[in-house]
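# Structural overview for review
Now for the letters of each chain:
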Amino acid sequence: MIVQAKLHIENIPERFSPSLAYPLYAWLLSQVSAEAGNRLHEQGTRPVHQYLWLDPKTKEGWWTVNLLNNEAIELFMPVLEDKKEVWLHPCRFSFDSCEFERIEAPHVFIKRAQELTLDRRFPIELLTPASFKQSGRYVIFPQESLILQSLIVRWGLCFPDMPLDDADAFAAMLTGLHIVDYRLQTLRYPMKQTKIPCFAGRFVLEARLPAPLMEVFKTLYCFAPYAGLGVKTALGMGGIRI
């Protein structure tokens, strides 16, 4: 199961930044036992994807928290259901509404994929900066293999009984995926005492795949906004919209 919580921010802090999601995650961990927090922190792929986003048109702010397995849901759902205010030095977040969406099974994404009206071009908009890591270095441009790998790994975390990590299928899918358009900028995402190289903007993936692989790709595409993209998705990076 996946639960997505969308908390509407009542008061937008004067120094609003997507990077404030990092201390928000630290606050979220502080609301559960140290043992549970350490257990999540030590996992290679954390079962939480959360980020802050300010809508440039409406100027409304949202804190989106995706809980990607039952353990994360049991730990954090009670916190999110009851919380109306969070104090972070040097600002305060107050929330006036919270919407919850529950994804009970992977077949929800399969059905959404079947209902997609897109043909071959699949746009992805980055709501928060994203980055990948390869051979110990940050990658500041989206690559087809890294996008696909990121989504497949998180799918396996959410739905271990329906893995999509077949090496031959991955290779076959990769031959038919290409970034054909993009509007991106590079920037730095502040975290602790460092600034992570990353990119923001939007890009378009073109998929030319046989029908079975196209359905798998479309399913991952529908899953992507819940999973996030790239590294540090528990700390505010990689929030996307399709």
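Residues numbered from 1 in each chain as written. Predicted model: local features only at pLDDT ≥ 70, side-chain atom pairs only at ≥ 80, totals over all residues. Heavy atoms only, no water.

### Quick notes on the sheet that holds strand E2 (residues 48-54)
- The strand order across the open sheet formed by five strands is E2-E3-E1-E5-E4, and the pairing between neighbours is antiparallel. The strands lining the two open edges of the sheet, one partner per strand, are E2 and strand E4 (85-88). Put simply, the sheet's adjacent strands are angled 25° from each other on average, direction ignored.
- Note: E4 against strand E5 (residues 91-103), four bridges, orientation antiparallel. Across the sheet, the residue bridging to Trp 87 is Arg 92, located in E5.
- Against the sheet, helix H1 (residues 21-30) engages E2, strand E3 (61-67), E4 and E5, with an angle of about 135° to E2. (Pairing = 2+ DSSP bridges. Helix = DSSP H or I, 4+ residues; strand = E, 2+ residues; numbered from the N terminus. Axes fitted to C-alpha atoms, helices over the stretch in contact; angles between N-to-C directions. Contact = heavy atoms within 4.5 Å.)

### Focus on the state of the cysteines
- By the definition in use, this model includes zero disulfides.
- Free cysteine Cys 158: the closest other cysteine sulfur is in Cys 222, separated by 14 Å.
- Looking at Cys 198, it has no disulfide partner, and the nearest cysteine sulfur is the one in Cys 91, 20 Å off. (Disulfide = S-S within 2.5 Å.)

### Regarding the packing of aromatic side chains
- Inspection of every chain in the model, using the stated rule, returns 15 aromatic pairs.
- Taken together, the ring pairs in this structure connect Phe 109, Trp 155, Phe 159, Phe 223 and Tyr 226 into an aromatic cluster.
- It is Lys 6 that lies over the ring of Trp 62; its NZ or CZ is 5.2 Å from the centre.
- We note Arg 92 situated over the ring of Trp 87; from NZ or CZ to the ring centre the distance is 5.6 Å. (Phe/Tyr/Trp six-rings, centres within 6.5 Å; stacked < 30°, edge-to-face > 60°. Lys NZ or Arg CZ within 6 Å of the ring centre and 35° of its normal.)

### Quick notes on the sheet that holds strand E6 (residues 121-126)
- Judged by pairing direction, the sheet is antiparallel, and its four strands sit side by side in the order E9-E10-E6-E11 without closing on themselves. If you trace the sheet from one side to the other, it starts and ends with strand E9 (177-191) and strand E11 (240-241), each paired once.
- Judged from the five bridges that link them, E6 and strand E10 (residues 194-207) form a sheet pairing that is antiparallel. Bridge assignment links Phe 122 to a residue of E10, and that residue is Leu 205.
- Along the sheet, helix H7 (residues 211-227) contacts E6, E9, E10 and E11; its crossing angle with E6, the most-contacted strand, is approximately 20°.

### Some details on helix H5 (residues 144-158)
- Along its 15 residues, H5 runs 22 Å from first to last C-alpha, staying within 8% of the 21 Å computed at 1.5 Å per residue.
- For H5, the full list of buried residues reads Leu 146, Ile 147, Leu 148, Ser 150, Leu 151, Ile 152, Arg 154, Trp 155, Leu 157 and Cys 158. (Expected span 1.5 Å × (residues − 1). Buried < 20%, exposed > 50% of the residue type's maximum accessible area, 1.4 Å probe, protein only.)

### Considering the pattern of salt bridges
- Taken as a whole, this structure holds four salt bridges when the rule is applied.
- Close ionic contact of Arg 241 with Glu 125 constitutes a salt bridge, the shortest N to O distance being 2.8 Å. Here Arg 241, found in strand E11, pairs with Glu 125, found in strand E6; they are 116 residues apart in sequence, far enough to count as distant.
- The exposure class assigned to Arg 241 is partly exposed, which follows from its relative accessible area of 37%.
- Note that Arg 208 and Glu 206 form a salt bridge whose closest N and O atoms lie 3.4 Å from each other.
- On the accessibility criterion, Glu 206 (16% relative accessible area) is buried. (Salt bridge = Lys/Arg side-chain N within 4 Å of Asp/Glu carboxyl O.)

This is a description of form; function is not addressed.
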